[in-house]
Amino acid sequence: TNNLASGSVGLTSNAVYATRLKQLRSLDAYYIGGKDLVYYGEGQIGLAGATRVCVLDPSTGTETVLIHATTNAMPSNVMNVKVSGVGLGGPMFLYVQCEDGSIDIYALQADGLSVGELVKRFTAAEIKTLLGGVPFKSMRSFEVTNDGQSAFFSADGADGLYVVGTQPRKRGTLVTIGD
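Residues numbered from 1 in each chain as written. Predicted model: local features only at pLDDT ≥ 70, side-chain atom pairs only at ≥ 80, totals over all residues. Heavy atoms only, no water.

### Quick look at the nonpolar core
Side chains of a nonpolar character, in soluble globular proteins, are inclined to be buried together.
Stage number 1. Membership of the largest hydrophobic core comes to 18 residues, with the highest contact counts inside it found for Ile-32, Tyr-39, Ile-67, Val-83 and Leu-94.
Stage number 2. Among the elements of the structure, strand E1 (24-32), strand E2 (35-42), strand E3 (50-57), strand E4 (62-70), strand E5 (78-84), strand E6 (92-98) and strand E7 (103-108) are those that each provide at least two residues to this core.
Stage number 3. Among the nonpolar cores identified, the runner-up in size contains 15 residues, and Ile-103, Leu-131, Phe-142 and Phe-153 belong to it. (Core = buried A, V, L, I, M, F, W, Y, C linked by side-chain atoms within 4.5 Å. Buried < 20%, exposed > 50% of the residue type's maximum accessible area, 1.4 Å probe, protein only. Helix = DSSP H or I, 4+ residues; strand = E, 2+ residues; numbered from the N terminus.)

Written out as structure tokens, the structure reads:
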């Protein structure tokens, strides 16, 4: 096979998919239900009077809107869209992290193409407290482990990678970047 990991890494334009979104953020691909699915969100709230989170099935070229929130329901621009629980045999979750640091967590259906109810919402203030009171204006980096046990954050101007988890740790873990 010829893919990005082998076969001389020769990139070729294979397709262009139309989207309903005005500004894409956080393209993340997951193998769910026997196919690759790409998740992304609206990068600038208010462009269309609402913000959306979508999934693209490249095998069919179909974009599905998972979340269509009014401007008031989504606190700021979507920065990251992540999935946990893939291939673990239990529930999967869709994480929508906004620029202000807030995170909404939804139940993700087994096919990866639709969401259930909002399971948990963390406000920006709750995230700041969770990170030990670190002040930030914009939170643009977020990742969650597939088992959903740990999350990683970094904010604009931060000199560290903040790690939080479901298991209690010392007052907090800070991995310093650089010297």
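### Here's the deal with the environment of Gly-101
Stage number 1. If you trace the backbone, Gly-101 turns up in the loop between E6 and E7.
Stage number 2. For Gly-101, a relative accessible area of 0% translates into the label buried.
Stage number 3. Sequence separation of Gly-101 and Phe-153 is 52 residues, and the distance between their C-alpha atoms is 9.0 Å.
Stage number 4. Ignoring sequence-local partners within four residues, the contact set of Gly-101 consists of Ala-124, Ile-127, Phe-136 and Met-139. (Contact = heavy atoms within 4.5 Å.)

### Topic: the sheet that holds E5
Stage number 1. Spatially, four strands are ordered E5-E6-E7-E8 in an open sheet, and the strand pairing comes out antiparallel. Looking at the sheet topology across the chains shown, the edges are occupied by E5 and strand E8 (115-122). Ignoring strand direction, the axes of neighbouring strands in this sheet form an average angle of 20°.
Stage number 2. Where E7 and E8 come together, five bridges link them in antiparallel fashion. Paired with Ile-103 across the strands is Phe-122, a residue of E8. (Pairing = 2+ DSSP bridges. Axes fitted to C-alpha atoms, helices over the stretch in contact; angles between N-to-C directions.)

### Section: the pattern of salt bridges
Stage number 1. Under the criterion given, the structure shown has six salt bridges.
Stage number 2. A salt bridge links Lys-82 to Glu-143, with the nearest nitrogen and oxygen atoms 3.1 Å apart. With Lys-82 in strand E5 and Glu-143 in strand E9 (residues 139-144), this residue pair connects regions lying 61 residues apart in the sequence.
Stage number 3. Close ionic contact of Asp-104 with Arg-121 constitutes a salt bridge, the shortest N to O distance being 2.7 Å. Here Arg-121 lies in strand E8 and Asp-104 lies in strand E7, a separation of 17 residues in the sequence. (Salt bridge = Lys/Arg side-chain N within 4 Å of Asp/Glu carboxyl O.)

### Some details on unusual backbone geometry
Stage number 1. Positive phi, close to 60°, is recorded for Ser-26, a residue that is not glycine.
Stage number 2. Within the secondary structure, Ser-26 is located in strand E1.

### Things to note about the packing of aromatic side chains
Stage number 1. Within the structure shown, the criterion is met by three aromatic pairs.
Stage number 2. Taken together, a centroid distance of 6.2 Å and an interplanar angle of 45° make the contact between Tyr-95 and Phe-142 tilted. One end of the pair, Tyr-95, is in strand E6; the other, Phe-142, is in strand E9, with 47 residues separating them in the sequence.
Stage number 3. By way of ring pairs, the aromatic residues Tyr-95, Phe-142 and Phe-153 are connected into one cluster.
Stage number 4. If you follow Lys-120 out to its NZ or CZ, it ends over the ring of Phe-122, 4.9 Å from the centre.
Stage number 5. Positioned over the ring face of Phe-136 is Lys-128, at 4.9 Å from the centre of the ring. (Phe/Tyr/Trp six-rings, centres within 6.5 Å; stacked < 30°, edge-to-face > 60°. Lys NZ or Arg CZ within 6 Å of the ring centre and 35° of its normal.)

### Describing the pairing of E2
Along any regular strand, the residues point their side chains to alternate faces of the sheet.
Stage number 1. Of all the eight residues making up E2, six are buried; the element is thus mostly covered by neighbouring parts of the structure.
Stage number 2. Bridge count for E1 against E2 is seven bridges, and the pairing is antiparallel. Considered in E2, the bridge of Ala-29 is made with Val-38.
Stage number 3. Count of turn residues in the E1/E2 antiparallel hairpin: two residues, of which Gly-33 carries a positive phi of about 60°.

### Considerations on the environment of Thr-62
Stage number 1. In this structure, Thr-62 sits in strand E4.
Stage number 2. Residue Thr-62 is classed as partly exposed on the basis of its relative accessible area of 39%.
Stage number 3. Taking C-alpha positions, Thr-62 is 8.5 Å from Tyr-17, a pair spaced 45 residues apart along the chain.
Stage number 4. Discounting residues that sit within four places of it in the chain, Thr-62 has contacts with Val-55, Leu-56 and Asp-57.

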